[in-house]
Amino acid sequence: MSEHWNDTLSAEDVFPTSTQTLPHSPTPWQRQLPPAPRFVPFLVRCRFLLTLEMGFMAWFLFFFSTLVVFSLFWFWGNGRDFLPECVAAWETLPTQGWVTESEESGLSINDVPIQEHTFSWISPQGEEISGKCYSDELLSQDEPVTIQRSGKAYRIVNTTLGAIGGNPWMLLLVMIFPAAAMFLIWLAFRKGGKLLRLLAYGETSPALATRQEPTGTIQNEHREWRVFYTFQDSGGKLVETSIRTLSPPSLEEQIPQTLLYNPEKPQEAMILEEYLPETLTLSESGDFQLSAKSRRILLWLAGLAALWGMGLWWMIQR
C-alpha cells in the first residue's frame with residue numbers, strides 16, 4: 001500500500017465522483033433524536049465542560065500544582081515579601097530587639113544558604129514578643145537589631161518573613177504549572193461549550209466522510225486525523241466540514257454518520273457517533289444520558305477535588 005494511501009485517503013480514491021451521492025434518509029441515531037432545542041442534563045454538561053479529552057488531566061495538573069505552590073508559600077514563604085514596601089507599609093519600631101537564635105534553614109537560593117533568625121523585643125506594654133525571619137546573612141546571638149512591623153507581622157530590617165523571600169522569579173517559576181493547567185482547562189471548557197450548544201440546538205443531517213488526513217498529533221499512541229464530511233443543510237446546500245478524531249471512519253464502507261451542525265455556521269459541527277456510547281447514551285425517548293465510563297470519570301474528578309480541599313485544609317490547620 002502506498003505512502004499516500006496511509007497518510008491521506010479520500011472517497012475519490014474508492015468511488016468515482018459520478019457515483020458519490022449523499023444519503024437522504026436519516027440515520028438511526030438521527031431518527032431517535034428529538035428536534036432542537038434538546039434538554040442536556042447537568043451531569044452531561046459537567047462531563048463535556050470539565051473532563052472531555054485533556055480536561056481531566058488539566059484538572060489533575062491544576063490540583064497538584066496549586067497544592068505544591070500553596071505548600072511552598074505557606075511553609076517557606078509569605079505574601080508580604082512579594083508586596084512593594086509602600087503597599088506592605090512596614091513601620092520601623094522605636095524599640096530595638098535582639099537575636100535569640102540564628103541558624104541555617106536548610107534551604108538555599110542560587111547556592112546561597114538561607115539563614116533562619118529568631119528574635120525578640122519588648123513592646124511598650126512590657127510584653128516580650130518573639131518572631132522569625134530569614135536572610136542570607138548569619139546574625140550573632142543577642143545581637144541588637146531593628147524591628148519592623150506590618151499589621152501583625154514582625155521582622156528584622158532587611159530580612160523577609162518567608163525563607164524564599166520576595167524573589168519574583170521564584171514566584172513566576174512556580175506559577176507556570178497552575179497557569180498552564182488553567183489554560184488547558186479553558187481550552188477544554190471552550191470546546192465543551194461548543195459541543196453542548198450543538199447537542200442542545202444543533203440541526204441534524206446524515207453526513208459522509210469524503211477524505212481524511214493526519215494532523216501530525218499523537219495522543220495515547222494513536223494518530224489524530226482530520227476527517228472531512230459532506231452533508232446537506234436544511235436549505236439544501238452542500239456543506240463540507242472537518243472533525244478531528246483518533247478513530248476515523250472507514251471510507252470504503254461509506255456509512256452515513258449523524259452530524260449536528262450550527263444552522264448559522266454550518267461548518268461548526270460534531271459527529272454524534274464520536275461520543276456514543278463511551279461518553280453519551282441515548283434513551284428510548286432520545287434523551288441524553290451519561291455512560292457508565294463518564295460517571296466514573298466524574299467521580300474521579302470529585303474525589304480529586306475532595307483530596308485537594310482536604311490538603312489545603314490540612315496545611316492551613318498546621
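Check the entry above for the structure.
The present account deals with the structure reproduced in this document. (Residues numbered from 1 in each chain as written. Predicted model: local features only at pLDDT ≥ 70, side-chain atom pairs only at ≥ 80, totals over all residues. Heavy atoms only, no water.)

1. Quick look at the environment of Ile271
- In this fold, Ile271 is placed in strand β13 (residues 269–271).
- Expressed as a C-alpha distance, the spacing of Ile271 and Thr245, which sit 26 residues apart in the sequence, is 9.8 Å.
- Dropping the residues within four chain positions of it, Ile271 is found in contact with Tyr229, Ile243, Gln257, Thr258 and Leu259. (Helix = DSSP H or I, 4+ residues; strand = E, 2+ residues; numbered from the N terminus. Contact = heavy atoms within 4.5 Å.)

2. Considerations on the nonpolar core
- In this structure, Phe48, Leu199, Leu272, Leu280 and Phe288 are the most contacted members of the largest nonpolar core, which totals 22 residues.
- If you list the elements that add at least two residues to this core, you get α3 (42–50), α6 (168–201), β14 (280–282) and β15 (288–290).
- No other element matches the 5 residues that α6 contributes to this core.
- Ignoring any residue separated from it by four or fewer positions in sequence, one finds Phe288 in contact with Leu33, Arg38, Phe39, Val40, Pro41, Val44, Leu199, Leu272, Leu280, Thr281 and Leu282.
- With 13 residues, the next largest nonpolar core counts Ala209, Tyr229, Leu251 and Ala269 among its residues. (Core = buried A, V, L, I, M, F, W, Y, C linked by side-chain atoms within 4.5 Å. Buried < 20%, exposed > 50% of the residue type's maximum accessible area, 1.4 Å probe, protein only.)

3. Looking at the sheet that holds strand β5 (residues 128–135)
- Read from one edge of the open sheet, 4 strands run β5-β4-β3-β6, paired in antiparallel fashion. Edge positions in the sheet fall to β5 and β6 (144–145), since each of these pairs with one other strand and no more.
- In this sheet, β5 lies alongside strand β4 (residues 112–122) in antiparallel orientation, the contact comprising 8 bridges. Residue His117 lies in a different strand from β5, and its bridge partner there is Cys133. (Pairing = 2+ DSSP bridges.)

4. Brief notes about the side chain of Thr241
- Relative to the helices and strands, Thr241 resides in strand β11 (residues 238–245).
- When its relative accessible area of 4% is taken as the criterion, Thr241 is described as buried.
- Within the structure, Thr241 has its side chain in polar contact with the backbone oxygen of Gln267 (distance 2.5 Å).
- Residues within four places of Thr241 in sequence aside, it is in contact with Val227, Phe228, Tyr229, Phe231, Leu259, Gln267 and Ala269. (Polar contact = N/O pair within 3.5 Å; in protein donor to acceptor, adjacent residues only side chain to side chain.)

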